[in-house]
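# Observations on the model geometry
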Amino acid sequence: MSSLHLYNTLSRKLELFQPITQGHVGIYICGPTVYGPPHLGHLRGPIVFDVLRRYLIHNGYNVRFVRNITDVGHLVGDSDEGEDKLDKQAKVEKLEPMEVAQTYTNQYNAVMDKMNIIKPSIEPRATGHIIEQIEMIQVIMDAGLAYAVNGSVYFDVVAYNTNNNYGVLSGRVLEDLLHSQDAISSGPNWVPSQGRALESQDEKRNPSDFALWKKASPDHIMQWNSSWGKGFPGWHIECSAMSAKYLGAYFDIHGGGLDLLFPHHEAEIAQGTVAHKHTPAKYWIHHNMITIAGQKMAKSLGNGILAEQLFNGTHALLDQPYSPMTLRFFILQAHYRGTLDFSNTALLAAQKAWQRMQSAINLIDNLRVVDGSGSMEVDDIVLGIRESMNDDLNTPQVIAHLFELCRRINLVNDGKDQISLGVKTLVQQLRDDVCFGFLGLTLDDKSNSDGLNDAMQILLDLRKNAKKENNWVLGDQIRDALKEKGFEIKDTPEGTVWKL
Ligand SMILES: [Zn+2]
């Protein structure tokens, strides 16, 4: 495909990407709910949309990339029941909710930096946009599509559905929703809480209605004044209010995980349609989820792996630490709309593949060129990569093309093929534009502990061989030189160990 095509969940079709305003693209991504440390499930979406953003920039677009921070309104049950996730964690940690939000926002962003994800152009917080949310709720009230009960405000899904289609995005049918548990909650961790669940359900005209504003109980830490009384906004309204504020009432791309399709994004479309008379975004892009041994990730299954555990290898499912770029490479090896099954074996394979690619990349600058034309060509690879990216960001195909490039680089390096200066320049461009460019990969940092371990092992092996050959002088020289630099070496029955 000669131009970018993206799969639009709203139309259920692969569509040619045409921005609303020529040369500019507005993207809104649903960001994290910052009540706990970042985990494996937090990695895929940001990488997928980082690649999309980088590819749009590569194609000459100006991109405004908005990723919010949810620091209020996201309830434990993922619907309108249960405690606010932030409020609950603040009580557990005996902190201000803002301290909880700041702590986990910092942790999340540190992981994003490690994964080489470009920072958002704007990172709005829900608590910083209460006024915008109240205003939008009022517009929906004025349109007669929301109602207040006992200090809470609900979106009237049935009334909305008479002139609109609630289900346009998710494909759900309201008739079914009114009779299913889904209407009450679709969250993976949802547990019906007796009494509490009925409270809110009793206030709703229909079970599929969702909260725009929730009355706060006196012990609820985060609450604001409104014309409906003291309370806090619902989860869905924050994204509608913040996307409209920073990208306008109609913007190009709204992204998120498939788990947000319903009710979150369906509700956003309904809210936006009432407030602005049309769907808020032109393209709705959803990435699939990461599974572990085919199962959804969940703390209750013991398979919730923290990002930090991936980097230091301390989780029971992991045999070793993995570099951020190995993880990025692993995620890019799957198409974003397919599921991605996570395992130590799969990560190990990704690590090997990524190391193979890095070895070839490291050869590029020193490839010897021949005068005139060499036999190595890359035009087919350049074309193949462009077509793969334009075909709904097919990164596994792009990686396959890059491996073909690596094979040819190795042939030249081994003296089995020849490369001209012109083609070598093209290869360098592919490295910078594709690998380090829109795929966003960077060479693994060899100064990290992995690299240090490797170097130390080489020295310890040398010393072992020296001692085996009774060359005690060399053995002691190595030990003393290391000691001078602060490395202590100890021979134990299990072998030689070292520490700094
Ligand atoms: Zn959202």
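Remember, predicted model here, so these are calculated numbers, not experimental data.

Let us now look at the overall build of the chain. Each helix and strand counted, the chain has 17 helices and 17 strands in total. Taking the principal axes of its C-alpha atoms as reference, the chain extends roughly 85 × 60 × 35 Å. Within the chain, buried positions represent 50% of all 500 residues. Contacts in the chain between residues at least 24 apart in sequence constitute 75% of all its contacts with a sequence separation of at least 6. When the accessible surface of the chain is split by element, carbon and sulfur atoms take 51% of a total near 23,000 Å².

What follows is about the pattern of salt bridges. Here the idea is simple: oppositely charged side chains can pair when their charged atoms come close. The full count for this structure, using the stated rule, is 18 salt bridges. The partner of Lys 467 in a salt bridge is Asp 491, with the nearest N and O atoms 3.3 Å apart. Residue Lys 467 is found in helix H16 (residues 449–468), and its partner Asp 491 is found in strand S16 (residues 488–492); the two are separated by 24 residues along the sequence. Given a relative accessible area of 26%, Lys 467 falls into the partly exposed group. The structure contains a network of salt bridges with shared partners spanning Asp 380, Glu 404, Arg 407 and Arg 408.

Moving on, we get to the coordination of the zinc ion. Each pair of donors in an ideal octahedron of six around a metal sits at 90 or 180 degrees, and each pair in an ideal tetrahedron of four sits at 109.5 degrees. Around the zinc ion, the donor atoms from the protein are Cys 30 (SG), Cys 239 (SG) and His 264 (NE2), and they sit 2.1 Å away. Read in sequence order, the donor residues for the zinc ion give the motif C-x208-C-x24-H. Pair noted here: Cys 30 is in the loop between strand S3 (24–29) and helix H1 (44–58) and His 264 is in helix H9 (residues 261–276), with a separation of 234 residues, a long-range link. Each member of the pair, Cys 30 as well as His 264, is classed as buried.

A few words now on the nonpolar core. Formed by 74 residues in total, the largest nonpolar core has its most connected members in Ile 253 and Phe 342. Split by domain, this core shows at least three residues from each of two domains, domain 1 (5–287) and domain 2 (295–438). The contact partners of Ile 253, leaving out residues within four places of it in the chain, are Leu 6, Phe 17, Val 25, Gly 26, Ile 27, Tyr 28, Leu 52, Leu 56, Ala 281, Tyr 283 and Ile 285. Listed in part, the 28 residues of the second largest apolar core include Ala 90, Phe 232, Cys 239 and Leu 260.

On to the environment of Lys 230, then. Mapping Lys 230 onto the fold places it in the loop between strand S7 (210–215) and strand S8 (231–233). Lys 230 sits 78 residues away from Ser 152 along the chain, and the two C-alpha atoms are 9.2 Å apart. When residues no more than four places from it in sequence are discounted, the contact partners of Lys 230 are Trp 213, Lys 214, Lys 215, Ala 216, Gln 223, Trp 224 and Asn 225.

A few words on the pairing of strand S10 (residues 281–287). In terms of burial, S10 is largely enclosed, as 6 of its 7 residues are buried. Two elements, strand S9 (residues 251–257) and S10, share 6 bridges in a ladder whose sense is parallel. Bridged to Gly 257 within S10 is His 287. Following the chain from S9 across H9 to the adjacent parallel S10, one finds a crossover that is right-handed.

In this section: the sheet that holds strand S13 (residues 340–342). Across the sheet, which stays open at both edges, the 3 strands sit in the order S12-S11-S13 with mixed pairing between neighbours. Strands with a single pairing partner mark the edges of an open sheet, and in this sheet they are strand S12 (295–296) and S13.

Pairing between sheet strands relies on hydrogen bonds along the backbone, with the strands arranged either parallel or antiparallel. Overall, parallel pairing links the 4 strands, which are arranged S4-S3-S9-S10 in an open sheet. Looking at which strands have only one partner, the edges of the open sheet turn out to be strand S4 (62–67) and S10. Ignoring strand direction, the axes of neighbouring strands in this sheet form an average angle of 20°.

It is worth spelling out the pairing of strand S5 (residues 146–149) at this point. As paired elements, S5 and strand S6 (residues 152–155) share 4 bridges and run antiparallel to each other. Along S6, the bridge assignment pairs Tyr 147 with Tyr 154. Connecting S5 to the antiparallel partner S6 that follows it, the hairpin turn spans 2 residues, and Asn 150 within it adopts a positive phi of roughly 50°.

At a minimum axis distance of 9 Å, the contact between helix H11 (residues 324–332) and helix H12 (residues 344–363) shows a crossing angle of 100°. One finds that H11 runs roughly perpendicular with respect to H12. Residues Met 325, Thr 326, Leu 327, Phe 329 and Phe 330 of H11 form the contact with H12, whose participating residues are Ala 346, Leu 347, Ala 350, Gln 351, Ala 353, Trp 354 and Met 357. Counted by class, the contact of H11 with H12 contains 10 nonpolar, 2 polar and no charged residues.

This next bit is on the packing of aromatic side chains. Throughout the structure, instances matching the rule amount to 13 aromatic pairs. Ring geometry for Phe 17 against Tyr 61: centres 5.9 Å apart, planes inclined by 85°, an arrangement best described as edge-to-face. Highlighted residues: Phe 17 in the loop between strand S2 (13–16) and S3 and Tyr 61 in the loop between H1 and S4, separated in sequence by 44 residues. Overall, the relative accessible area of 22% leaves Tyr 61 in the partly exposed class. Here Tyr 55 and Phe 438 contribute two aromatic rings whose centre-to-centre distance is 4.9 Å and whose plane-to-plane angle is 75°, an arrangement assigned as edge-to-face. Taken together, the positions of Tyr 55 in helix H1 and Phe 438 in helix H15 (residues 421–438) put the pair 383 residues apart, joining distant regions of the chain. Each member of the pair, Tyr 55 as well as Phe 438, is classed as buried.

So, how was this worked out
- Starting afresh in each chain, residues are numbered from 1 along the sequence in its written order.
- Totals for whole chains, interfaces and linings use all residues, but because this is a predicted model, local features are given only for residues with pLDDT of at least 70 and pairs of side-chain atoms are given and counted only at 80 or more.
- Side-chain calculation: all heavy atoms of the structure are included, whereas hydrogens and water are not.
- Numbering goes from the N terminus for both helices and strands, where a helix is a DSSP run of H or I of at least four residues and a strand is a run of E of at least two.
- Only protein chains enter the accessibility calculation, which uses a 1.4 Å probe; a residue is then buried when its area is under 20% of its type maximum, exposed when over 50%, and partly exposed in between.
- Residue contacts follow a heavy-atom distance rule, with two residues in contact if any of their heavy atoms lie within 4.5 Å.
- Residue exposure ignores everything except the shown protein chains as possible cover, and the areas themselves are Shrake-Rupley values with a 1.4 Å probe.
- Only one rule defines a salt bridge in this text: a Lys or Arg side-chain nitrogen within 4 Å of an Asp or Glu carboxyl oxygen.
- Keep in mind that water is not among the atoms, so a site may look incomplete; donors are the N, O and S atoms within 2.8 Å of the metal, or 3.2 Å for Na, K and Ca.
- Only buried Ala, Val, Leu, Ile, Met, Phe, Trp, Tyr and Cys residues count toward a nonpolar core, and they belong to the same one when joined by side-chain atoms within 4.5 Å.
- Reported domain spans reflect what an automatic or database domain assignment gives.
- We treat two strands as partners when DSSP finds at least two bridges between them.
- By definition, the crossover connecting two strands over a helix is right-handed if that path, from the first strand to the second, turns clockwise as seen with the strands pointing away from the viewer.
- Each axis is a line fitted through C-alpha atoms, and for a helix only the stretch in contact is used; angles between axes span 0 to 180 degrees, taken between their N-to-C directions.
- Working definition: roughly parallel below 35 degrees, roughly antiparallel above 145 degrees, roughly perpendicular at 65 to 115 degrees, and oblique for all remaining angles.
- Lys, Arg, Asp and Glu make up the charged group, whereas Ala, Val, Leu, Ile, Met, Phe, Trp, Tyr, Cys and Pro make up the nonpolar group; the residues left over, Gly among them, are polar.
- The aromatic pairing rule takes the rings of Phe, Tyr and Trp, using the six-membered ring of Trp, and pairs them if the centres are within 6.5 Å, calling planes under 30 degrees apart stacked, those over 60 edge-to-face and the rest tilted.

Interpretation in functional terms is not warranted from these geometric data alone.
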